[in-house]
Structure formats: structure tokens, C-alpha cells
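Here's the letter readout for the chains.
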Amino acid sequence: MPRFVSLIKASSARPFLTGSRFYSSPASATLKERLVQLIPEKQAEIKQIKAEHGSKPLGTVTVDMVYGGMRGIKGLIWEGSVLDPEEGIRFRGLSIPECQAKLPAAEGGSEPLPESLFWLLVTGEVPTPEQVRVLSKDWASRSAIPKFVEDLIDSLPKTLHPMSQFSIAVTALQHDSKFAQAYQKGMPKTQYWDYTFEDSMDVIAKLPSVAGRIYQNVFKNGKVPNINPDADYGHNLAHVLGFSENKDFVELMRLYLTIHTDHEGGNVSAHTTHLVGSALSDPYLSLAAGLNGLAGPLHGLANQEVLRWTLKLRDAVGVNASDETIKDYIWSTLKSGQVVPGFGHAVLRKTDPRYSCQREFALKHLPSDPMFQLVSKLYNIVPGILTEHGKTKNPWPNVDAHSGVLLQHYGLVEQDFYTVLFGVSRAIGVLSQLIWDRALGMPLERPKSLSTQDILKIVKK
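The structure displayed is predicted, hence computed values, not measured ones.

## What to know about the sheet that holds strand β3 (residues 88-91)
The antiparallel open sheet is built from three strands, whose spatial order is β2-β3-β4. Each end of this open sheet is capped by a strand with a single partner; those strands are β2 (81-84) and β4 (94-95).

Here you go:
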């Protein structure tokens with residue numbers, strides 16, 4: 001039995017806090033030790049909620065929801081983040097500006113470290129700088145990938161999309177899954193979370209090595225720098241990509257990895273990871289499934305679609321085009337039946353806060369970049385046109401409107417790789433929830449489906 005499991009009953013920590021309340025994490029605890037304290041309290045909280053409120057409805061399912069991709073149906077528990085249509089994303093109750101202000105940053109840096117957000121997502125608490133340093137070293141110590149996985153990645157054709165290579169590599173890493181091995185030996189359910197935690201820590205730690213190898217093989221000379229055992233996660237990702245000498249790019253990686261981690265549980269990559277995990281598939285297989293969902297053009301692939309459209313706009317009208325010329329181009333896009341990528345969101349009804357923080361980064365570090373200035377013009381022009389067009393519920397920019405332009409500025413111009421970066425970040429969010437899924441004993445997910453004839457019978461009644 002893992003030693004941490006035996007500590008659960010001995011816990012005397014304060015009650016677990018949710019919503020907008022947050023506390024600094026106890027300075028002496030490691031992440032796993034803190035989880036040991038929190039899990040029984042959260043289990044008791046859920047038990048009480050179900051006992052007192054289990055029969056109460058959360059909303060009404062309409063026929064439009066059923067035919068509209070289950071849009072808006074309240075049917076998932078997701079602890080890490082909640083997305084409000086007007087306010088935007090909150091990570092365990094903290095907005096993005098609050099995360100930037102409260103979460104530990106690297107020495108000399110200003111953006112939150114991804115490790116600190118992972119701690120927040122897992123515990124609901126703000127970690128101390130020392131706890132984040134320990135977590136950074138832990139991830140760096142787990143970062144090596146097996147030789148057969150290196151050989152597998154090296155054997156893949158350069159023409160295979162980097163996201164396909166990423167998914168293949170994560171699936172192959174499942175060879176060393178601690179959860180799968182323990183399950184085969186017959187572990188009790190009380191230990192599910194422990195092995196899920198270990199697998200999640202391992203796979204998150206290895207993703208920069210995997211991503212760096214794919215990037216160097218496909219776009220560079222195939223030589224992959226070693227992970228620095230004393231560096232943080234964002235720095236090491238920049239390092240394996242070959243950009244760690246630029247401190248501003250390293251800061252961009254920290255910001256990028258932080259804001260792309262989590263966007264509540266209903267998006268494709270999050271829901272897919274949760275769904276596959278509910279079958280007790282280990283974190284490697286669950287994450288690989290989520291990555292395959294992220295690779296879709298309507299989800300994570302959108303960032304490269306936005307950049308390609310913006311580059312086409314630039315080539316057609318130039319970076320110094322007048323507002324009227326840009327308006328004409330946008331109207332021609334809409335009248336041809338195409339959308340303006342980078343604007344609108346399935347849930348949000350305001351400018352995406354993830355866009356706003358990237359814009360602030362650009363204003364600070366690259367205000368004169370021609371592509372950033374073009375994106376700024378679009379920010380001022382497109383919402384009005386989309387409002388006049390009348391077919392877009394949310395005319396404001398989303399996270400994808402900015403990320404590609406920032407990466408281009410620093411020389412990471414390979415658009416097919418952008419979704420891999422998104423995947424590295426999204427793993428932090430979806431796996432933090434998967435740990436809680438197993439800790440809380442979440443069951444196999446099995447919603448009821450209906451045929452069109454069933455729908456007609458129900459509405460006629």
C-alpha cells in the first residue's frame with residue numbers, strides 16, 4: 001500500500017474550500033501530502049451534498065440542447081475552473097489577473113509559473129514559492145522518456161502532423177503506467193487516486209521532452225536539448241524548443257501554459273479526458289484521447305487557423321491598410337460564407353480574458369510588431385461588423401486571436417506545432433481533475449441517448 005494512503009485517516013486539516021474563497025497552502029506540505037489531507041474532507045462534503053440535495057434539479061434539458069451538441073446541459077462536475085459567460089474563466093475562484101498577482105512567478109519574472117497553477121487546480125490553494133520550486137524539481141526529475149518512445153518518435157515521418165505524433169507518443173508512454181500495473185494486480189478503490197496522481201505527475205513532466213523531440217525532428221536538426229533539472233516547467237519547454245535564451249519568450253511560455261490549462265469541463269479535450277478516464281483508463285490513455293479531441297479544427301487547431309487567416313489578410317491588404325480596406329476584406333469573408341476565425345466563443349459573451357492578458361503581454365513586450373498592430377485593428381473593427389452581420393452571438397475576440405501572432409514574433413513560426421503547445425498546457429488542467437475523479441469515486445459516464453422518434457414521442461405528450 002502506498003504510504004500516503006495510510007495517512008488519509010490521520011488528517012486534521014481545515015475543511016476543503018470551493019468557489020471564490022482561497023487560501024495559501026500550508027508551507028510544510030508537499031502537493032501529495034496536501035491531497036491526502038483534502039481528499040477525505042471533500043469526500044465528506046460531496047456525501048453531504050448528495051444526501052441533502054440529491055433529488056433537486058439543476059436545470060431543464062430542451063430539444064434544442066439535445067440537437068445542439070448538449071450545449072449548456074449541466075451534467076458534469078469540474079472542480080478546477082468555471083466559465084461565466086460575462087466574467088470569463090476563474091481557476092478555483094481566481095480570475096486570470098488575480099492568478100497573475102497571487103501565484104508565484106520565477107525569480108525576475110512576472111507571469112505565473114504553470115506549476116503554481118497546477119497546485120491551485122489540484123488543491124484550491126495558492127502555493128508558496130518553495131512549494132513551487134519543489135514541484136518544479138519533481139517534474140524535472142520525472143522528465144526523461146523511455147528509449148523506445150524516443151525511437152518511436154524518431155521513426156515517424158515528418159509529414160505526420162505534430163499533434164498525431166504527440167498523441168502516439170503519449171499513448172506509447174502508457175507502457176509505464178503505474179495505475180494500469182497496480183490495477184492488474186488488484187488494488188483497492190481507495191488507492192485509485194494515488195496511482196492516478198503518480199501517472200499524472202509523470203506524464204505532465206514528460207510532455208516538454210516529447211514536444212521538444214517532435215519539434216526538433218520535424219522542423220529543425222533533430223537534436224533535442226536536455227531538460228535542466230534546476231529550471232521551471234515553462235523555461236524547460238522553451239529550452240527544448242531552442243528559445244530559452246530569450247527571456248521574454250520564456251515568460252510567454254509561462255503565460256501561455258498557464259492560461260490554456262483549463263476552461264471548465266465541457267470543452268472537447270476536457271470532457272473527452274474525463275469520459276475516457278471514467279472507464280478507469282489510466283491517465284496516459286485518457287490524456288491521449290483528449291489530445292485527439294484537441295486536434296480538431298473547432299477546438300485546439302483553431303489557433304493555427306486564426307493565424308493563417310490573419311496572414312492571408314496581411315498579404316491581401318498589407319499591415320498598414322486603412323480601416324475601410326480591412327472592413328471590406330472582412331465583409332468579403334463573411335459574404336463568401338466563411339467565418340472570421342478568432343472571434344466568438346461557445347460560452348463567452350465578452351472579450352476572452354485569455355485574449356486580454358496576451359494583449360497586455362504584447363503591449364509590454366512587442367508594441368511595435370506589425371502583426372500585433374494588425375490584430376489590434378481587428379480587435380477594434382471586427383466586433384462591430386459581426387454585430388451588424390447579426391449571425392454571431394459573441395462578436396468579441398477569443399484566446400486564439402492572439403497566441404499565434406505572439407509565437408510568430410519570437411520566431412516560432414511553425415503553425416502546425418501550435419496545438420502541441422496547447423496540448424502540453426491542457427494536460428495540466430484535465431489531469432488535475434482526473435485525480436479528483438478517482439479520489440471522489442466518479443462512476444462510469446453513461447448518458448442516455450434518444451432517437452429522433454423518441455424525441456417526437458416525448459414532445460407530443
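## With respect to the environment of Glu245
Following the sequence through the fold, Glu245 ends up in the loop between α10 (233-241) and α11 (247-259). Using a relative accessible area of 78% as the deciding quantity, one classes Glu245 as exposed. Through-space distance from the C-alpha of Glu245 to that of His235 is 9.6 Å; in sequence the pair is ten residues apart.

## Some thoughts on the pairing of β3
With four bridges connecting them, β2 and β3 associate as antiparallel partners. Bridge pairing links Leu83 to Ile89 in β3. Connecting the antiparallel pair β2 and β3 is a turn made up of three residues. The pairing of β3 with β4 spans two bridges and is antiparallel. The partner of Arg90 across the bridge, within β4, is Ser95. Hairpin geometry of β3 and β4 is characterised by an intervening segment of two residues between the two adjacent antiparallel strands and by a positive phi of about 50° at Arg92.

## Thoughts on the packing of aromatic side chains
The tally for this structure, following the rule as stated, stands at 13 aromatic pairs. For the pair Phe219 and Phe417, a centre-to-centre distance of 6.4 Å together with 85° between the ring planes defines the contact as edge-to-face. Of this pair, Phe219 sits in helix α9 (residues 192-219) while Phe417 sits in the loop between α18 (400-409) and α19 (418-439), and the two are 198 residues apart along the sequence. A network of ring pairs unites the aromatic residues Tyr215, Phe219, Phe243, Phe249, Tyr410 and Phe417 as a single cluster.

## A word on the nonpolar core
Core analysis: the biggest nonpolar cluster contains 112 residues, and Phe118, Phe166, Ile330 and Leu412 have the highest contact counts within it. With sequence-adjacent residues up to four places away left out, Phe118 is seen in contact with Leu31, Leu135, Trp139, Met201, Ile204, Ile428, Ser432 and Ile435.

## Some thoughts on helix α17 (residues 370-389)
Between the first and last C-alpha of α17 there are 28 Å, a value that for 20 residues agrees with the 28 Å anticipated at 1.5 Å per step. Its maximal kink placed at Ile381, α17 deviates by approximately 35°, while the proline Pro383 follows within four residues. Of all the residues in α17, the buried ones are Met371, Phe372, Leu374, Val375, Ser376, Leu378, Ile381, Val382, Pro383, Ile385 and Leu386. N-capping of α17 is provided by Asp369, with a side-chain oxygen placed 3.0 Å from the backbone N of Met371. Taken from the residues just after α17, Gly390 is the one with a positive phi, measuring 80°.

## Brief notes about the packing of α9 against helix α13 (residues 283-294)
Running from amino to carboxyl end, α9 crosses α13 at an angle of 50°, the nearest separation of the two axes being 9 Å. The angle between α9 and α13 falls in the class oblique. Only Pro283, Tyr284 and Leu287 of α13 make contact with α9, whose side of the interface consists of Thr196, Asp199, Ser200, Asp202, Val203 and Leu207.

Criteria and thresholds
- Residues numbered from 1 in each chain as written.
- Predicted model: local features only at pLDDT ≥ 70, side-chain atom pairs only at ≥ 80, totals over all residues.
- Heavy atoms only, no water.
- Pairing = 2+ DSSP bridges.
- Helix = DSSP H or I, 4+ residues; strand = E, 2+ residues; numbered from the N terminus.
- Buried < 20%, exposed > 50% of the residue type's maximum accessible area, 1.4 Å probe, protein only.
- Phe/Tyr/Trp six-rings, centres within 6.5 Å; stacked < 30°, edge-to-face > 60°.
- Core = buried A, V, L, I, M, F, W, Y, C linked by side-chain atoms within 4.5 Å.
- Contact = heavy atoms within 4.5 Å.
- Expected span 1.5 Å × (residues − 1).
- Bend = angle between axes of the 7 residues up to and from the residue.
- Polar contact = N/O pair within 3.5 Å; in protein donor to acceptor, adjacent residues only side chain to side chain.
- Axes fitted to C-alpha atoms, helices over the stretch in contact; angles between N-to-C directions.
- Parallel < 35°, antiparallel > 145°, perpendicular 65-115°, else oblique.

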